[in-house]
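# Observations on the three-dimensional arrangement
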Amino acid sequence: MTTFRISEAAALLGVSPDTVRRWIDAGRLPARRDEHGHRMVAGVDLAAFARSQIEAGDGAGHSSARNHFRGIVTEVIKDAVMAQVEIAAGPYRVVSLMSRQAADELGLEPGVVAVAVIKSTNVVVEIPDHARAANQ
């Protein structure tokens, strides 16, 4: 069974290790201690908790798209017709190409909070080498 240390769970959830500790202490996220006394979170419990956080949602409305990444605009590059907008969403970088008019109408500039909504029929899923070794 895959397990995660508090710092790993925090990185996956996009929060601080202290937040994960508070969730564990409050009984919101199950954890157990390993042979060294470190708190560990089972992968299935972390996945269930992550799903519950997603289902709680942020009240953004209804959409057929399921991938919403809230973040901060870090860069906007515009020419006469198009704009390239970069958003830092936790540890992730999301880049969108749109019309300059759309970027101007949305007021997109560095420092603005935005949500990247992604609907795609082609999503590549990769497993990092260190995770693959841990799961075997």
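Our structure is the block above this text.
Notes on the structure follow. (Residues numbered from 1 in each chain as written. Predicted model: local features only at pLDDT ≥ 70, side-chain atom pairs only at ≥ 80, totals over all residues. Heavy atoms only, no water.)

For the rest of this paragraph, the subject is the sheet that holds strand β4 (residues 67-78). The strand order β6-β5-β4-β7 describes an open sheet built from four strands, whose pairing is antiparallel. On the outer flanks of this sheet lie β6 (92-99) and β7 (113-118), each paired with one strand and no other. Neighbour-to-neighbour, the strand axes of this sheet turn through a mean angle of 45°, independent of strand direction. In terms of strand pairing, β4 meets strand β5 (residues 82-89) through six bridges, oriented antiparallel. If you follow Ile-72 over to β5, its bridge partner there is Ala-88. (Pairing = 2+ DSSP bridges. Helix = DSSP H or I, 4+ residues; strand = E, 2+ residues; numbered from the N terminus. Axes fitted to C-alpha atoms, helices over the stretch in contact; angles between N-to-C directions.)

Here we take up the side chain of Asp-34. Tracing the backbone through its elements, the reader meets Asp-34 in the loop between β2 (32-33) and β3 (39-42). We note that Asp-34 is buried and unpaired, the nearest opposite charge coming from Arg-5 at a distance of 5.4 Å. (Buried < 20%, exposed > 50% of the residue type's maximum accessible area, 1.4 Å probe, protein only. Lys, Arg positive; Asp, Glu negative; His and termini not counted. Salt bridge = Lys/Arg side-chain N within 4 Å of Asp/Glu carboxyl O.)

A word on the pattern of salt bridges. Side chains that carry opposite charge are capable of pairing whenever their charged atoms lie near each other. What the rule picks out here adds up to five salt bridges. Notably, a salt bridge pairs Arg-39 with Asp-25, separated by 2.6 Å at the nearest N-O pair. With a gap of 14 residues between them, Arg-39 in strand β3 and Asp-25 in helix α2 (residues 17-25) connect regions that are remote in the sequence. A salt bridge links Arg-93 to Glu-86, with the nearest nitrogen and oxygen atoms 3.1 Å apart. On the basis of relative accessibility, which here comes to 61%, the residue Arg-93 falls in the exposed class. Beyond isolated ion pairs, a larger network of salt bridges with shared partners links Lys-78, Arg-100 and Asp-104.

Looking now at the packing of aromatic side chains. Under the counting rule described, the total for this entry stands at one aromatic pair. Look at Trp-23 and Phe-49: their rings are 4.7 Å apart centre to centre, the planes differ by 50°, and that puts the pair in the tilted class. Of this pair, Trp-23 sits in helix α2 while Phe-49 sits in helix α3 (residues 43-56), and the two are 26 residues apart along the sequence. Assigned by exposure class, Trp-23 and Phe-49 land together as buried. (Phe/Tyr/Trp six-rings, centres within 6.5 Å; stacked < 30°, edge-to-face > 60°.)

Here we take up the sheet that holds strand β1 (residues 3-5). Pairing is antiparallel in the open sheet, where three strands are placed in the order β1-β3-β2. Every other strand in the sheet has two partners, leaving β1 and β2 as the edge strands with one partner each. Where β1 and β3 come together, three bridges link them in antiparallel fashion. Counterpart to Phe-4 in the pairing with β3 is Val-41. Strands β1 and β3 of the sheet are contacted by helix α1 (residues 6-13), whose axis makes an angle of about 95° with β1. (Contact = heavy atoms within 4.5 Å.)

Further remarks concern a nonpolar patch on the surface. Taken together, the side chains of Val-81, Met-82 and Leu-97 define a hydrophobic patch exposed on the protein surface, amounting to about 320 Å² of accessible area. If you trace the backbone, Met-82 turns up in strand β5. (Patch = residues over 30% accessible without salt bridge, like charges linked within 9 Å, V, L, I, M, F, W, Y side chains within 5 Å. Areas by Shrake-Rupley, 256 points an atom, 1.4 Å probe, with all protein chains shown as cover.)

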